[in-house]
Amino acid sequence: MKFAVVVFPGSNCDADAFYAIRDNANQQVQYLWHKDTKIPTNIDCIILPGGFSYGDYLRSGAIARFSPIMQEVISFANKGGYVIGICNGFQVLTEAHLLPGTLMRNNTLNFVCKDVYLKTLNFNTAFTNQIPKEKILRIPIAHGEGNYYADNDTLKALWDNNQVVFQYCDQNGTVNNESNPNGSLMNIAGIINKTGNVLGMMPHPERASDNLLGNTDGLLIFKSLINKLS
Amino acid sequence: MINYSAKIKIMLKKGILDVQGKTVENALNSMEFTNIHNVRIGKYVELTVEAQNQDEAKKIVDQACSKLIANPIIEDYEISLNDNKGE
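Here is what the cut-offs are and how they apply
Residues numbered from 1 in each chain as written. Chains lettered and ligands numbered in written order. Predicted model: local features only at pLDDT ≥ 70, side-chain atom pairs only at ≥ 80, totals over all residues. Heavy atoms only, no water. Pairing = 2+ DSSP bridges. Helix = DSSP H or I, 4+ residues; strand = E, 2+ residues; numbered from the N terminus. Axes fitted to C-alpha atoms, helices over the stretch in contact; angles between N-to-C directions. Contact = heavy atoms within 4.5 Å. Buried area = accessible area lost by both parts, 1.4 Å probe. Salt bridge = Lys/Arg side-chain N within 4 Å of Asp/Glu carboxyl O. Polar contact = N/O pair within 3.5 Å; in protein donor to acceptor, adjacent residues only side chain to side chain. 1 Å grid on protein atoms, 1.4 Å probe; cavity = no way out; pocket = protein on both sides within 12 Å on 5 of 7 lines; lining within 4 Å. Points joined across faces, edges and corners; volume = space filled by probe spheres on them. Nonpolar A, V, L, I, M, F, W, Y, C, P; charged D, E, K, R; others polar. Phe/Tyr/Trp six-rings, centres within 6.5 Å; stacked < 30°, edge-to-face > 60°. Buried < 20%, exposed > 50% of the residue type's maximum accessible area, 1.4 Å probe, protein only.

A. Local environment of the sheet that holds strand β2 (residues 28-33) of chain A. Residue and element names in this part refer to chain A. Strand order across the open sheet formed by nine strands is β2-β1-β3-β4-β11-β10-β9-β6-β7, with mixed pairing between neighbours. In this open sheet, the two strands that pair with only one neighbour each are β2 and β7 (137-143). Taken pair by pair, the neighbouring strands of this sheet meet at an average axis angle of 25 degrees, ignoring direction. Note that strand β1 (residues 2-7) and β2 share six bridges and pair parallel. Note that in β2 the partner of Val-7 across the bridge is Trp-33. Seen against the sheet, helix α1 (residues 14-24) touches β1, β2 and β3 (45-48) and runs at an angle of roughly 160 degrees to β2. This element, helix α3 (residues 88-95), spans β3, β4 (82-86), β10 (188-192) and β11 (198-201) of the sheet and lies at about 120 degrees to β4.

Below is the structure:
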């Protein structure tokens, strides 16, 4: 299958995502520039990478959401194309209304950069089907604004539709306040849209995909999608 | 067309924890300002908009706020408009 990684001015995890797809997941991948107005027809999945698109000015993701390529990404997603937003990419997806809710400043005000543990709540998605049922993922986060917020009705709908895919938890899979790095409601670390083709997550799977780094838990997410499409 | 200047105040909605405000409040309280409470921090935007009249100007700025300048999920905004005649 073929991936594309979007590069906004200020993206800084684009090369990591590109590397993880090409060298770790062994798939085809190309970059798309923020000014591009076309997505090649052979692209199966678009990755919106981490970073600080447009300097995070105004709000994280707010300006990127109106860049030329995002208009194409929105129509690609609405036609059922797969989209993964990682960290800043998740923020862009919420600003673009491809995912509900928003990401506010961490409740600690700290920029948090560390490995976290993730509990998978829904194994029947295009992004999680290769994760073993009992597995607690260990994946790094690096963000200052990852505090997931949505109003009660939205939260309830997310929960009822099994759209909450990942929750921050401890090493044993217990979801509690201590394992919540940023104040996210319900410890939410990653969600999918209603139709299941758009994933947003604050943790960085591309940074946990290479054996050399001692952790390949993140690769399971890319492998799930490859499995789904093969 | 008339140039209107708009001043936009953006605040987090009531009930949403403003961690930045809270941290500044804690800092103030640890100084000599123990009588300061309820610190909330927002954003302030100024801009000029060309429009036929005040109503149209207000409508344009309101759309700009709801589409980009503010995030209606967590933020409220107030717009005040002036034509620039007095300046």
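Moving on from the coordinates now.
B. How the structure looks around the interface of chain A and chain B. In this complex, chain A contributes 13 residues to the contact, which on the side of chain B involves 14 residues. Both sides of the chain A and chain B interface together cover about 1,200 Å² of buried area, and 70% of this is carbon and sulfur. Linking chain A to chain B there are one salt bridge. One can count four residue pairs in polar contact (both at pLDDT 80 or more) joining chain A with chain B.

C. Region of interest: the sheet that holds strand β1 (residues 2-12) of chain B. Residue and element names in this part refer to chain B. Across the sheet, which stays open at both edges, the three strands sit in the order β2-β1-β3 with antiparallel pairing between neighbours. The open sheet has two edge strands, β2 (43-51) and β3 (75-83), and neither has a second partner. Neighbouring strand axes in the sheet, compared pairwise and without regard to direction, differ in orientation by 25 degrees on average. Taken together, the nine bridges between β1 and β2 define a ladder with antiparallel strand orientation.

D. Region of the structure containing the layout of surface pockets. If you add up the space inside the largest pocket, you get close to 430 Å³. Along the wall of the largest pocket there are 25 residues; nearest its centre are A:Arg105, A:Glu145, B:Leu12, B:Lys43 and B:Glu75. Of all elements in the fold, only α3 and β5 (102-104) of chain A together with β1 and α1 (19-30) of chain B reach the threshold of two or more residues within the lining of the largest pocket. Residue composition of the lining of the largest pocket, by class: ten nonpolar, seven polar and eight charged.

E. Representation of the packing of aromatic side chains within the structure. Residues and elements named next belong to chain A. A full pass over the atoms with the stated rule returns five aromatic pairs over all chains. Ring geometry for Phe-8 and Tyr-54: centres 6.4 Å apart, planes at 50 degrees, overall tilted. Of this pair, Phe-8 sits in the loop between β1 and α1 while Tyr-54 sits in the loop between β3 and α2 (68-78), and the two are 46 residues apart along the sequence. Look at Tyr-54 and you get partly exposed, because its relative accessible area is 21%. Seen from their ring centres, Phe-18 and Tyr-31 are 4.4 Å apart, and the 20 degrees between their planes marks the pair as stacked. Of the two residues, Phe-18 sits in helix α1 while Tyr-31 sits in strand β2, which places them 13 residues apart along the sequence. Classification of Phe-18 by relative accessible area gives buried; the value is 14%.

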